[in-house]
Amino acid sequence: MAYRNLEIANRGAVRTITVNRPDKLNALNRETLNELTLAFTQAAQDDAVRVVVLAGAGEKAFVAGADIAEMNGYTPVQAQGFSRAGQRLMSLVERLGKPVIARIQGFALGGGMELAMCCHLRVASEKAKFGQPEINLGLIPGFGGTQRLLRLAGRGAALELCLLGAPIPAQRAYELGVVTRVVAPEALDETVNAMADQLAAAAPLAAAGILDAILQGGETSIDQGLEFETQAFALAFSTEDMREGTTAFLEKRKADFKGR
């Protein structure tokens, strides 16, 4: 289907979803949230897609936040609906069952930082900026920012970013655990593509099991999480991916030992 605010591109098993509102710094309005929800639902259902890259159009912003002009006229009931729509999208991305990489070249603020945090891996340019500035608008994060930031970076960092509302550079975000890698701007696409290609070549059911064990098992007690891991581990033994991967590994190890 044609999207008004997104661009969709496929490269082998890698699908790139780009928020395409550069004149608005890719801000998230209600229509864009709905389109992203549909695009990720389609990616989840398409067996040809093994990895999703989420990007923002232009050089300035990944996503600079929610669309303040649209939000400004909301009633409390409308604001609640907007928050829930955003949180549904973020949960969909996080629980997609396929790896999602955020390609962050510029501003990732407010809803943009929340959108990045629900992705499984985040690769940022050295020029990127991160922040939860909602307090400066008399608001709090509404798309999961208080909760995912707490889980990624800890209570101290979550309080600092949400209470002070000031942006931080990519390197500081990396030190806090919010970003997976920070690279030079000219290396951003090469790094993201290499990571996506590696994941696209990996066993998809094993990747899904890892995502489930960490993201869902990690929200339970240690004993429940370990049982979650055991069940996913056992299930992997029923897959052709496991048999092929184990055979290839043993053959490679035998060749390596023979060459010594």
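Please read all numbers here as calculations on a predicted model, not as lab measurements. (Residues numbered from 1 in each chain as written. Predicted model: local features only at pLDDT ≥ 70, side-chain atom pairs only at ≥ 80, totals over all residues. Heavy atoms only, no water.)

Some words on the sheet that holds strand β3 (residues 51-56)
Rules: Criterion used throughout: strands pair if DSSP finds at least two bridges between them. Helix and strand definitions here come from DSSP, where helices need a minimum of 4 consecutive H or I residues and strands a minimum of 2 consecutive E residues; each element is numbered from the N-terminal end. Here an angle of 0 to 180 degrees is reported between the N-to-C directions of two axes, which are lines fitted to C-alpha atoms, with helices fitted over the stretch in contact.
One open sheet accounts for six strands, arranged β1-β2-β3-β5-β7-β10; its pairing is mixed. Every other strand in the sheet has two partners, leaving β1 (6-11) and β10 (181-183) as the edge strands with one partner each. Each strand axis lies, on average, 20° off the axis of its neighbour in the sheet, ignoring direction. As paired strands, strand β7 (residues 121-125) and β10 are joined by three bridges and run parallel to one another. The residue bridging Val123 from the neighbouring strand is Arg181, located in β10.

Some remarks on the domain arrangement of the protein
Heads up, the condition is: The source of the domain bounds is an automatic or database domain assignment. Contacts are assigned to residue pairs that have any heavy atoms within 4.5 Å of one another. In short, buried area is how much 1.4 Å probe accessible area vanishes from two parts on joining, totalled over both. A pair is scored as a salt bridge if a Lys or Arg side-chain nitrogen falls within 4 Å of a carboxyl oxygen belonging to Asp or Glu.
Partitioning the protein into structural domains gives domain 1 (6-200) and domain 2 (202-251). Spacing between the C-alpha centres of domain 1 and domain 2 amounts to 27 Å. Facing ten residues of domain 1, the contacting portion of domain 2 comprises seven residues. Across the domain 1 to domain 2 interface the summed buried area is about 680 Å²; carbon plus sulfur atoms make up 60%. At the junction of domain 1 and domain 2, the tally comes to one salt bridge. Arg151 is the salt-bridge partner of Glu219, the closest N and O atoms lying 3.1 Å from each other.

Considerations on the packing of aromatic side chains
Worth spelling out the cut-off: Pairing of aromatic rings covers Phe, Tyr and the six-membered ring of Trp, with a centre-to-centre limit of 6.5 Å; geometry is then stacked below 30 degrees between planes, edge-to-face above 60, and tilted otherwise. Only protein chains enter the area calculation, which uses a 1.4 Å probe; residues under 20% of their type maximum are buried, those over 50% are exposed, and those in between are partly exposed.
Counting across every chain of the model gives three aromatic pairs. Both rings, one in Phe82 and one in Phe143, keep their centres 5.2 Å apart while their planes meet at 65°; by these two values the pair is edge-to-face. Remark: Phe143 occurs in the loop between β8 (129-131) and α5 (145-153) and Phe82 occurs in helix α3 (residues 76-94); sequence separation between them is 61 residues. A single burial state applies to Phe82 and to Phe143, both of which are buried. Aromatic side chains Phe233 and Phe237 sit 5.1 Å apart centroid to centroid with 70° between the ring planes, which places their arrangement in the edge-to-face category.

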